[in-house]
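Fold and geometry: a report
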Amino acid sequence: MAAKTNGRRKRQIIYRVLLCVYLIVLFYLLFFSERMGRADNIQDYRYNLTLFREIMRFYNSRALYPRAFVLNVIGNVVAFMPFGYLLPRMNARCRNLFFTVLFSFCLSLGVEVVQLVFKLGCFDVDDLLLNTLGGFLGYLIFLLFSRKKVGQGGKKDAVS
């Protein structure tokens, strides 16, 4: 029993480290990376409060600017998938779809507010939607891997 608890504790530490590393990389890319267009000196506040405006703009211009579509639409989803996967791995209370999606939304909202306040980008409700969708998809991947473990191991607590 002690070996099982020790193994669980080690996994928890690994997931916490992975989550910290993920958040550091995410914040670097979102706020400091020159490759992501963060070197711009924005003078005024930029925001989009119309849902699907930017998604449709990037979708409609995807043939001309495929890289922009991938970075701005697909990238916003993929960027938050690790959060949706790691959060329930790290914390048993977050093994609930509602909490994982809520925390994904809150993290995304925090990022968007920082971008607006410090003029590091554009506050965009489409980003909120796409990031939250990414957290949701990450949670679904967590469930998929959890069920495989449960099916192979035969025990319900194999999720931790």
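Provided above is the structure to which this section pertains.
Now for a description of the structure that goes with this document.

Attention now goes to the pattern of salt bridges. Inspection of the entire model under this criterion finds 1 salt bridge. The salt bridge partner of arginine 57 is glutamate 54, with a shortest N-O separation of 2.6 Å. Of this pair, arginine 57 and glutamate 54 both sit in helix 2 (residues 53-60), 3 residues apart, which is roughly one turn of the helix. Its relative accessible area of 47% is what places arginine 57 among the partly exposed residues.

Moving on, we get to the packing of helix 1 (residues 2-31) against helix 3 (residues 66-90). Contact geometry of helix 1 with helix 3 gives a least axis separation of 9 Å together with a crossing angle of 155 degrees. Accordingly, the angle class assigned to the pair helix 1 and helix 3 is roughly antiparallel. The interaxial crossing formed by helix 1 with helix 3 has left-handed handedness. Facing Gln12, Tyr15, Arg16, Leu18, Leu19, Tyr22, Leu23 and Leu26 of helix 1, the residues of helix 3 in contact are Ala79, Phe80, Pro82, Phe83, Leu86, Arg89 and Met90. The residue inventory of the contact of helix 1 with helix 3, partitioned by class, reads 12 nonpolar, 1 polar and 2 charged.

Take helix 1 next. The α-helix advances 3.6 residues per turn, and as a result positions three or four apart in sequence lie on the same side. Between the first and last C-alpha of helix 1 there are 43 Å, a value that for 30 residues agrees with the 44 Å anticipated at 1.5 Å per step. Those residues of helix 1 lying buried are Gln12, Tyr15, Leu19, Tyr22, Leu26, Leu30 and Phe31. The inward-facing, buried residues of helix 1 contact helix 3 and helix 4 (97-117).

Turning our eyes to something else, we now look at the nonpolar core. Counting 14 residues, the largest nonpolar core has Leu19, Tyr22, Leu26 and Phe83 as the members making the most contacts within it. Contributing elements (two or more residues each) for this core: helix 1, helix 3 and helix 4. With 6 residues, helix 1 is the single largest residue contributor to this core. Once residues within four sequence positions are removed from consideration, leucine 19 is found in contact with Phe83, Leu86 and Met90. Judged by nonpolar contacts, the second largest core, of 6 residues, contains Ile55, Phe58, Phe69 and Val73.

Two elements in contact, helix 1 and helix 4, have axes separated by 11 Å at closest approach and are oriented at 35 degrees. Both helix 1 and helix 4 take part in a crossing whose hand is right-handed. Of the residues in helix 4, those touching helix 1 at Leu23, Leu26, Phe27, Leu30 and Phe31 are Leu107, Val111, Val114 and Gln115. Taken together, the residues that form the contact of helix 1 with helix 4 break down as 8 nonpolar, 1 polar and no charged.

A complete count under the given rule lists 7 aromatic pairs for this structure. Between the aromatic rings of phenylalanine 31 and phenylalanine 32, the centroid separation amounts to 6.5 Å while the plane-to-plane angle is 75 degrees, which identifies the pairing as edge-to-face. The buried category is assigned to phenylalanine 31, whose relative accessible area is 10%. By relative accessible area, which is 57% here, phenylalanine 32 ends up exposed. Ring geometry for phenylalanine 98 against phenylalanine 99: centres 5.6 Å apart, planes inclined by 65 degrees, an arrangement best described as edge-to-face. Overall, phenylalanine 99 belongs to the partly exposed group, its relative accessible area being 34%. Cluster of aromatic residues (ring-pair linked, three or more members): Phe27, Phe31 and Phe32.

About the cut-offs
Residues numbered from 1 in each chain as written. Predicted model: local features only at pLDDT ≥ 70, side-chain atom pairs only at ≥ 80, totals over all residues. Heavy atoms only, no water. Salt bridge = Lys/Arg side-chain N within 4 Å of Asp/Glu carboxyl O. Helix = DSSP H or I, 4+ residues; strand = E, 2+ residues; numbered from the N terminus. Buried < 20%, exposed > 50% of the residue type's maximum accessible area, 1.4 Å probe, protein only. Axes fitted to C-alpha atoms, helices over the stretch in contact; angles between N-to-C directions. Parallel < 35°, antiparallel > 145°, perpendicular 65-115°, else oblique. Left-handed = near helix turned anticlockwise from the far one by under 90°. Contact = heavy atoms within 4.5 Å. Nonpolar A, V, L, I, M, F, W, Y, C, P; charged D, E, K, R; others polar. Expected span 1.5 Å × (residues − 1). Core = buried A, V, L, I, M, F, W, Y, C linked by side-chain atoms within 4.5 Å. Phe/Tyr/Trp six-rings, centres within 6.5 Å; stacked < 30°, edge-to-face > 60°.

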